[in-house]
Structure formats: structure tokens, C-alpha cells
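Chain and residue survey
Listed below, chain by chain, are the residues.
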Amino acid sequence: MRYIFITGSSKGLGKAFAELFLDQEQTKVFGISRTCSIDHENYVHHHVDLNNSDDLYNFTFPQLQNAEEVILINNAGLLNPIKKVGAFSAEALSINIQVNLIAPMVLCNTFINTYQELSAKKLIVNISSGAGKYPIDGWSAYCTSKSGLDMFSTVMQAEQNLISYVFKRVKVISISPGIIDTDMQAEIRRSNVDDFSQVNRFVDYKKSGDLQSSVQTAGKIISKLHTFYTRDEVICSLRDE
Ligand SMILES: NC(=O)c1ccc[n+]([C@@H]2O[C@H](COP(=O)([O-])OP(=O)(O)OC[C@H]3O[C@@H](n4cnc5c(N)ncnc54)[C@H](OP(=O)(O)O)[C@@H]3O)[C@@H](O)[C@H]2O)c1
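The rules behind the values
- Residues numbered from 1 in each chain as written.
- Predicted model: local features only at pLDDT ≥ 70, side-chain atom pairs only at ≥ 80, totals over all residues.
- Core = buried A, V, L, I, M, F, W, Y, C linked by C-beta atoms within 7 Å.
- Buried ≥ 20, exposed ≤ 12 C-beta atoms within 10 Å, placed from the backbone.
- Helix = DSSP H or I, 4+ residues; strand = E, 2+ residues; numbered from the N terminus.
- Contact = placed C-beta atoms within 7 Å.
- Near = placed C-beta within 6 Å.
- Nonpolar A, V, L, I, M, F, W, Y, C, P; charged D, E, K, R; others polar.
- Pairing = 2+ DSSP bridges.
- Axes fitted to C-alpha atoms, helices over the stretch in contact; angles between N-to-C directions.
- Expected span 1.5 Å × (residues − 1).
- Parallel < 35°, antiparallel > 145°, perpendicular 65-115°, else oblique.
- Left-handed = near helix turned anticlockwise from the far one by under 90°.
- Right-handed = clockwise from strand over helix to strand, strands pointing away.

1. Here's the deal with the nonpolar core
- Ile4, Ile6, Phe17, Leu72, Ile73, Ile124 and Val125 are the most contacted members of the largest nonpolar core, which has 47 residues in total.
- Among the elements that make up this core, the one with the highest residue count is helix 3 (residues 90-115) (six residues).
- If sequence neighbours within four positions are ignored, Val125 has contacts with Ile71, Ile73, Ile173 and Ile175.

2. What about the site of the ligand?
- Among the 27 residues in the neighbourhood of the ligand, the closest are listed as Gly8, Gly12, Arg34, Gly77 and Thr182.
- Of the residues assigned to the shell around the ligand, the class counts are eleven nonpolar, twelve polar and four charged.

3. As for the sheet that holds strand 5 (residues 121-127)
- The strand order across the open sheet built from seven strands is 3-2-1-4-5-6-7, with neighbouring strands paired in parallel fashion. Because the sheet does not close on itself, it has two edges, and the strands there are strand 3 (43-47) and strand 7 (235-237). Strand after strand, the sheet turns through a mean of 20° between neighbouring axes, direction not considered.
- The pairing of strand 6 (residues 171-176) with strand 7 spans three bridges and is classified as parallel. For Ser176, the partnering residue across the bridge sits in strand 7 and is Ser237.
- Here helix 3 sits on the sheet in contact with strand 1 (2-7), strand 4 (69-74) and strand 5, set at roughly 170° to strand 4.

4. Some points on helix 3
- Over its 26 residues, helix 3 extends 36 Å from the first C-alpha to the last, a length consistent with the 38 Å expected when each residue adds 1.5 Å.
- Of all the positions in helix 3, only Asn96, Val99, Asn100, Leu101, Ala103, Pro104, Leu107, Cys108 and Phe111 are classed as buried.
- Buried residues along helix 3 sit in contact with strand 1, helix 2 (53-58), strand 4, strand 5 and helix 4 (140-161).

5. A few points about the environment of Asp49
- Structurally, the position occupied by Asp49 is in the loop between strand 3 and helix 2.
- Judged by the 15 C-beta atoms lying within 10 Å of it, Asp49 is partly exposed.
- Considered as a pair, Asp49 and Ser33 are 16 residues apart in the sequence and their alpha carbons are 6.2 Å apart.
- In contact with Asp49, not counting residues within four places along its chain, are Arg34 and Asp55.

6. Remarks on the packing of helix 3 against helix 4
- Running from N to C, helix 3 and helix 4 cross one another at 15°; their axes reach a closest spacing of 9 Å. Between helix 3 and helix 4, the angle is such that the two are roughly parallel. For the element pair helix 3 and helix 4, the recorded crossing hand is right-handed. Across the interface between the two elements, Leu93, Asn96, Ile97, Asn100, Leu101, Pro104, Met105 and Cys108 from helix 3 touch Ala141, Tyr142, Ser145, Lys146, Gly148, Leu149, Phe152 and Met156 from helix 4.
- Classifying every residue of the contact of helix 3 with helix 4 by side-chain character gives eleven nonpolar, four polar and one charged.

7. Some points on the pairing of strand 6
- Within strand 6, six of the six residues are buried, which leaves it mostly tucked inside the rest of the structure.
- The pairing of strand 5 with strand 6 spans five bridges and is parallel. Counterpart to Ile127 in the pairing with strand 6 is Ile175.
- For the segment spanning strand 5, helix 4 and strand 6, crossover handedness is right-handed.

Here you go:
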């Protein structure tokens, strides 16, 4: 049996992941987000606000029957605040770092604590962004959160590589999915040029049909999952696949 845990499973990329996995046999999906939009016999939803510390700290991964593979996809994320430093609220900054960085760190910690000894293939896929690799004005919180997620993933993998019994190791990937036609992109296009100088470039991406669909993106990543176990690098981009 395959067990997949996906944060942000209510819409966008996370929902596409969940629905594509649910099409596969012997696969149970656990979704984690504030709202639920999937009804399927092999789907279990956990109503969790990743910005709420009680929700996050109390989340536990279940004991699993006949597990052959267990995957955690840290996908939930938000872009806000789209504002230059000096113009955003402390609260907006805090929510961004909590949901995009602290929450995946906490869930990775709980996942490894729960499943390290489980004799099954174990994979963590952190959904990162090109924005974690280069500076984008107006996106300082988002860029910082994704850069932090890349580093956290790299350190986690280095720790796992120290485990001499290879079958106990968890494999970690931090992948940039490219630009996807979701609510997050709509939010970018609605932003103000004074807050984000490149807004018109993103308006043009949509007009020119340069955005991938969530299903295309999730499908490409799922088709690569088996290759992740044997690769050395942690940080990767779907564009290079
Ligand atoms: N779209 C792009 O072009 C793009 C590009 C590069 C990277 N990414 C990354 O891809 C991932 C998915 O993005 P997307 O475009 O699919 O975004 P989206 O359509 O805006 O969906 C975001 C998801 O995150 C969940 N979420 C947000 N805040 C949450 C909270 N406090 N607690 C629990 N869940 C929360 C939402 O669920 P609820 O509202 O139901 O809680 C929703 O399911 C993100 O990590 C994003 O950074 C996206």
C-alpha cells in the first residue's frame, strides 16, 4: 500500500496531486488544509490551519498497515505579502514564514520521527520555487521562505545520509515546479506595479499561454517520483527534467 500526505490539497497543485494519486491503485491519500474539496473512498482530510500552532503541533501521522511507500508532499504555500520591505505588516510576514517554512519543517520533523524505522520507501517532496534562488522585488518573504526550505531540505538529506542502514533513510527533494495556472498566479497578476515591478511580465505569461496547468505539473512530478530515490541532488527544478 502507498500512503501519500499532501498539504494544501484543497486547490491548485495540491489538489491535482491528490486527484492523480487517487486514480492509482493501492494508494491512500491524506490531505492537510483548512478546507476540503475532495470526496473519495481512499481520501482522508485533516482540517489543519498551518498558521495555527495548536493545529500544527498537534498533527500526528498515523500508524500504517502494509506500507510499501510513504510520501509527504509539503505543497501548501502563499505568496503574500507582495510588498516591499518597509511596507508590509509584521503579521503578514509572520503568516508567510509560518505556512511556507515553519509548517513544512515541523511536519518533516514529525514525519521522520514517526516513520524513520518503518521498513518502506520513504520520500519527502518539498515544493519550492525559483524565487528561492534569486531575488524578486516585492516578494522578500516568499523568496526567503523558499530559500529556507531548500536549505532545510539539504540539511535533512545530509542527516539521513549518515544513517548506515540505507533502508531506514528518508529521501528528500526540494523541487521548483515552474509557473502554474493557479490562484497564486491570479494573485500575482492582481498586484500593484509599485509593490512588484515585474507584474506585467506575469500578465503576459498568462496572455501568451506560458502557464502550465496544475494537472500537467503534478503529473510530471509524479512520473519522476521513482527517480528521486536514487539521485544525489536535493534541490531540483521541473524545467530541467
Ligand atoms: N503557482 C505557481 O506558479 C507556483 C510557482 C512556483 C511554486 N509554487 C508553489 O506551489 C505550491 C502550491 O501553490 P498553488 O499555486 O497551487 O497555490 P494555491 O492554488 O494558492 O493553493 C494553496 C494551497 O495552500 C493551502 N494553504 C494556504 N494557507 C494555508 C494554511 N494556513 N493552512 C493550511 N493550508 C493552507 C490552501 O488550502 P486552504 O486555503 O484550503 O487552507 C491551498 O490548498 C506552493 O508551495 C507554491 O509556493 C507555485
